[in-house]
Amino acid sequence: MSTVITASAIDRFRHVVGPERVLTAALERLVYARDGSMNQGNCGLAVLCDTTAEIAECMKVAAEFDLPIVPRGSGTSLAGSAIPLDGSVVISVARMRRVLSIDPETPCAWVEPGVLNLDLTAAVTHLGLHYAPDPSSQAACSIGGNVATNAGGPHCLASGVTAQHILGMELVLPDGQILQLGGPAPDPAGYDLRGFVVGGEGTLGIVTKVCVKLTRNPPVVRTLLIDFTSLTAAGAAVRDIIAKGVIPAAMEMMDRTMTRAVEAFVHAGLPVDAAAVLLVEVDGTEAQVSEHTRVVEDICRESGASHIRVAADEAERALFWKARKNAFGACARIAPNYYLHDCVVPRTRLVEVLAAIEHIAARHDLVIMNVFHAGDGNLHPLISFDRRDEEQVTRVLQAGREIIEVCMRVGGTLSGEHGIGMEKRDFMPLQFNAHDLDAQARSREAFDPTGRMNPRKVLPSGSKCGELSFPHDHLPEGTWI
Amino acid sequence: MDLAPGTPTNRAVLCRALREASDHARPVRISGGGTGGRRGLIASEPAEVISTMEFDRIVAHEPADLVATVEAGVPVRELQRTLGEHAQTWIQAPDIDGATVGGLLSRAASSHRRLRYGAIRDSLLQVVMVTGDGRLVHAGGKTVKGVAGYDIPRLVVGAHGTLGVLVEVTLKLWPLPSSTAWFSAEGPTHHVAAIGEQARHHLHQPASVLLSPDRLDIELIGPPDDLVAPMGMHLSTAPPVFGGPATVELGVSPAVLPQLASDLAECGFAFQAQLGVGICTIAIATLDELRDVRAMAIAAGGHAVILDAPDALRADPWGPAPAGLAIMRRLKNSFDPAGILNRGQFLGDRTGAL
């Protein structure tokens, strides 16, 4: 793989998309060397594509010159998935923002990968539909990026993460070949390549069209803001609500530090003295919503909730959600930088893990704030710091590692929705052994035998043991697999 | 023609058996509860049979977490009984007597409630499997949400045992519905299809909308107040499970399924269509009928595969090659380098088109 982009390679890219959409200036490349994580990359060249055909041609040029490729949507990755390393070529799909077709009967839509998550929902609102996965960055993140990370969001508790809402896609392979995987017709014969590409973090190809499943809006929605005098009580309430067989549409938690930061930013009237705030949304028919609201309220009161506030109208509901979804941005009030983790733990272990994180913060003299998808145990401990303070950065990284280790010890998962990228890559051996990583490396190679797609992401170096052979001459006549 | 079955009692034995078979390129057929029907290409050579039936433990069930870890040979009914004691269920799984957890996942058999609760592949959180060459591999995670690493669990669902032998899985569970009700309507197929579409668009999350010739069945789940007959329907009971001596499964866009089902009814086929899902199971009797229904599926942008049929109807059980076949072959090669697992059955036809 080459890390030098020659003048003739640049000319070829210019020939494909036109000179104005090939960015070579140092300042322009600097913009494409960062994403939403705290990492810094090195972009060799950025190419802004408008069509599948352009992407396929660019892939062929990259193949010819043996250049590494990093696909990029809005660049909001929190794990460094969209950062180019070693002067890779960034191929941006951010200009591909058309909703191509909407089928209200299925219901589903074909969209280009640069369409923003919230814009997709806005495009189908008049049909009484929405796109269910709603990451907090939904006003900025693209559907292509959502597919790459298998994005989540508060409402994935009941409706499932991105993989459950992607019916098909068009994928350009690193050699420029264009494939259509899946679509509105379910369960085509063969392996579920569509499902495998979701969460592939741009290492398997570039997704150039996406068939998204759309969801009908629930008839009734009720949103409750509940405050607790201790994190433990709030964690217990979450556990008991699930155990009672109620799966709310969303169940989010914020600790006091986070609540205060958010309130100062959003002014939603949040209870700033509460030790923990729980945001619970139930939806469905009037009968379902009444039943579930009663269960949630009863359990919260039994667990020691001090106050329950029900959103009076859509405006107040929107305010609650604005507070929740602006939490990461509000952290800038505490410190200029944050290091965010995304582990998932069994819901039954939430309380002890939150306590352990508190101890880690105290031990390293750090501010760690929590705002997270409590209903599915997906933590987002956020360590505030100032990157100019090197000694503090050392403590931040150590605390981050300890948080991950605690989560792994209780049977947790490294990432719930942000992906592995480069930021969590070297923690992968904490969850997977050498055989597991080898199987993943080989699976990745089935899509990208050259290793040029988003290199050095997801899997730590040395994941693959041994070489593969491709015999296939032993297949019985007439069989393909 | 298969050789005597081997029933490994633990993972180490299974790994060794597969490693040896792989070293000698001896084909291996994997068996579970044996309820999967006669599907896939007819094997052209004898194979050693490896059964998963000794992997029969429910390893962990944490009710408060709505997650269960079970071995692949556990019969689904046994699992559901255990879960039911805690008012929980593996809701995406069909209720098939004798079927194993691993078998249902391997053939991607989803329950009739797929419309509301999703496909069975959405319920698989973690898999522990032994590859064709005897490597024990874990993938996914035990939590209800997780994106660490590549989604190998999704690959093995519907892979018909060609990538590895499943030994243990972790499943996402749901609360057992407290009250459910079936409603039905009779009348010309196109007429009841329209009632079904109306219900699908206007009811909140019906569990199931099933269309058969001249009949519609809808299952609702929810509080008793919500279990009222949709317009044009009356209270009923669960329809019989659809089957026949030979069945084909069509997958088409839900938008075109009502019309396709009406066409099938006009041609005199017996079928059951899952409106909103896009799946239609059809009884066939001849190769000509297979050809006809497959042509209808393809014309509607879909596909048709044999679910269960005698040898005479299984010359081409999978239909045209799917997109990405070259990637599938490389995946197969990476999990089963000697190509021993269920060799000669998955994807392909007797003519050797590729």
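Computed from a predicted model, the values in this text were never measured in an experiment.

This paragraph deals with the sheet that holds strand β3 (residues 58–62) of chain B. Residues and elements named next belong to chain B. The strand order β3-β4-β8-β6-β7 describes an open sheet built from five strands, whose pairing is antiparallel. This sheet does not close on itself; its edge strands, each paired only once, are β3 and β7 (136–140). For this sheet the average axis-to-axis angle between neighbouring strands, irrespective of direction, equals 15°. Bridge analysis of strand β6 (residues 124–131) against strand β8 (residues 164–172) gives seven bridges, and the strand direction is antiparallel. If you follow V130 over to β8, its bridge partner there is V165. With respect to the sheet, helix α2 (residues 76–84) is in contact with β3 and β4 (67–71), its orientation differing from that of β3 by roughly 30°.

Residues and elements named next belong to chain A. For helix α13 (residues 350–363), which comprises 14 residues, the first-to-last C-alpha distance of 20 Å matches the rise-based estimate of 20 Å (1.5 Å per residue) to within 8%. Every buried residue of α13 is listed here: L350, V353, L354, I357, I360 and A361. Down the axis of α13, the buried set is contained in an arc of 115°. They therefore lie on one face. Among the exposed residues of α13, those pointing more than 90 degrees away from its buried face are H359, A362 and R363. Those residues of α13 that are buried are in contact with α8 (231–243), β17 (367–372), β18 (381–385) and α14 (390–409). Just past α13, the residue D365 takes up positive phi, approximately 55°.

Among the secondary structure elements, B:G141 is positioned in the loop between β7 and α5 (152–156). Among the residues examined, B:G141 registers 26 C-beta atoms within 10 Å and is labelled buried. In this structure, the C-alpha to C-alpha distance between B:G141 and B:D349, residues 208 residues apart in sequence, is 36 Å. Leaving out residues up to four positions away in the same chain, B:G141 has contacts with A:T413, A:Q431, B:L125, B:Q126, B:G146 and B:A148.

This part is about the domain arrangement of chain A. A common way to report how large an interface is uses the accessible area buried once the components associate. Residue and element names in this part refer to chain A. Assigned domains within chain A: domain 1 (7–92), domain 2 (99–216), domain 3 (218–332) and domain 4 (335–431). Contact residues are listed per partner, giving 21 residues for domain 3 and 17 residues for domain 4. Residue assignment for the side of domain 3 that touches domain 4 shows that the elements contributing at least two residues are α8, β13 (250–255) and α9 (256–266). For the side of domain 3 that touches domain 4, the leading source of residues is α8, giving seven residues. Looking at side-chain class alone, the side of domain 3 that touches domain 4 contains 15 nonpolar, three polar and three charged residues.

Criteria and cut-off values
Residues numbered from 1 in each chain as written. Chains lettered and ligands numbered in written order. Predicted model: local features only at pLDDT ≥ 70, side-chain atom pairs only at ≥ 80, totals over all residues. Pairing = 2+ DSSP bridges. Helix = DSSP H or I, 4+ residues; strand = E, 2+ residues; numbered from the N terminus. Axes fitted to C-alpha atoms, helices over the stretch in contact; angles between N-to-C directions. Contact = placed C-beta atoms within 7 Å. Expected span 1.5 Å × (residues − 1). Buried ≥ 20, exposed ≤ 12 C-beta atoms within 10 Å, placed from the backbone. Arc of directions from axis to C-beta. Domains from an automatic or database assignment. Nonpolar A, V, L, I, M, F, W, Y, C, P; charged D, E, K, R; others polar.

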